[in-house]
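# Structural features, examined
Residue strings, one per chain:
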Amino acid sequence: MNPSGGRLIGSYLTMNPARMSRDLFSNGIIARRVISTCQTHRSKSYSGHPKVLTLDTLNPCIKTMEYSVRGPIVIKATEIEKEIKKGLKKPFTDVIRANIGDCHAMGQKPLTFLRQVVALCTYPPLMDTKQFPADAVEKAQRILSGCGGGSIGAYSESPGVEVIRQDVAAYITKRDGGISASLDNIMLTTGASDGIKSMLKLLKQADGAKKTGVMIPIPQYPLYSATLSEYNMHQIGYYLDEDTNWSLDIKELKRAVEEARQYCNPRAICVINPGNPTGSLFGSHLTTVIVIIDATNP
């Protein structure tokens, strides 16, 4: 046990529990680890006040979260990997992780252009070395021109760097056959997970007699179920049809939403396309299916 670490944790919990909740509890696993660490110290903090945060006082929504792709199986896999590195004999030589689509960890080569642009934006003097192709230099210069002080370390507008949003809008317009996309309707997020969480926050209503319900496919990527638990929202599972290549079925969608109405107020349907983890693809009939569900379930 590290005494200095104990003082730091005790002071942090006592002085600023709200900030700690925001900063550290991105998922239940982190929460459990932090609380476990805290419980190795005295029941009172070093300032003499009772502990503000324990397993009993922790947000119950955090405790019910489950994020299986980062759960006990993955933790066990990490332990086995460490044992192999130490020379412990196993009936195998390595561990192949199949819990997430971690392409680079499985040996996929990164896109050179993206790495070049990131390198140039991070350290602009590299542009003077003549070791980078002209298109990478041009892209880096464009991005830096939209950053305060010409540095990617500067704060950006809340929706994201404007020149990047301009390029995103241009791409969407081209992809959609000329239908105009506005940069004012585009927000950049740090990955798809943050985007999903932001949308669920917008959909959530005040807690009342019934929770806000969101339809999600089964099987699904566990981010959705974990986030719904974190936000105290109700999961409405609709089952994909394995016999027809994990397709959507109108009857199943209707069943799911009708049964859920007694427990929650359904507000949204999540469709993962291509399916994760099924790999299924939904064609143009998808919009028709959802419109029918919306029209028959006011």
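In this report, we go over the structure that sits alongside the text. (Residues numbered from 1 in each chain as written. Predicted model: local features only at pLDDT ≥ 70, side-chain atom pairs only at ≥ 80, totals over all residues. Heavy atoms only, no water.)

Another point: the layout of surface pockets. In this structure, the second largest pocket occupies an estimated 260 Å³ of space. Residue lining of the second largest pocket: Phe113, Leu114, Val117, Val118, Cys121, Thr122, Lys139, Ile143, Ile152, Ile164 and Asp167, and that is the complete set. If you list the elements that add at least two residues to the lining of the second largest pocket, you get α6 (112–122), α7 (134–145) and α8 (162–175). For the lining of the second largest pocket, the element with the highest residue contribution is α6, accounting for six residues. Classifying every residue of the lining of the second largest pocket by side-chain character gives eight nonpolar, one polar and two charged. (1 Å grid on protein atoms, 1.4 Å probe; cavity = no way out; pocket = protein on both sides within 12 Å on 5 of 7 lines; lining within 4 Å. Points joined across faces, edges and corners; volume = space filled by probe spheres on them. Helix = DSSP H or I, 4+ residues; strand = E, 2+ residues; numbered from the N terminus. Nonpolar A, V, L, I, M, F, W, Y, C, P; charged D, E, K, R; others polar.)

Attention now goes to empty space enclosed by the protein. In the structure shown here, the tally under the stated rule is two cavities of 30 Å³ or more. Around the second largest cavity sit Pro217, Pro219, Tyr238, Leu240, Val271, Ile272, Gly275, Asn276, Thr278 and Phe282, which together line it. When the residues that make up the lining of the second largest cavity are grouped by side-chain class, the tally is seven nonpolar, three polar and no charged.

The first and last C-alpha atoms of α8 sit 20 Å apart over 14 residues, in line with the 20 Å expected at 1.5 Å per residue. Once α8 ends, the next one or two residues include Gly177, with phi positive near 70°. (Expected span 1.5 Å × (residues − 1).)

This part takes up the pattern of salt bridges. Following the criterion strictly, the structure yields 11 salt bridges and no others. Notably, a salt bridge pairs Lys76 with Glu79, separated by 3.9 Å at the nearest N-O pair. With a gap of three residues between them, Lys76 and Glu79 both fall in helix α5 (residues 72–85), about one helical turn apart. Relative accessible area serves as the criterion here: at 47%, Lys76 is assigned to the partly exposed category. Here Arg255 and Glu252 are joined by a salt bridge, their closest N and O atoms 2.6 Å apart. Of this pair, Arg255 and Glu252 both sit in helix α11 (residues 250–260), three residues apart, which is roughly one turn of that helix. When salt bridges that share partners are traced, they join Lys139, Arg142 and Asp167 into one network. (Salt bridge = Lys/Arg side-chain N within 4 Å of Asp/Glu carboxyl O. Buried < 20%, exposed > 50% of the residue type's maximum accessible area, 1.4 Å probe, protein only.)

Turning next to the sheet that holds strand β2 (residues 234–239). Pairing is parallel in the open sheet, where three strands are placed in the order β2-β1-β3. The open sheet has two edge strands with one neighbour each: β2 and β3 (264–269). Geometrically, the sheet is characterised by an average inter-axis angle of 35° between neighbouring strands, direction not taken into account. Bridging between strand β1 (residues 211–218) and β3 involves five bridges; their strand directions are parallel. Its bridge partner being in β3, Lys211 is matched across the sheet by Cys264. (Pairing = 2+ DSSP bridges. Axes fitted to C-alpha atoms, helices over the stretch in contact; angles between N-to-C directions.)

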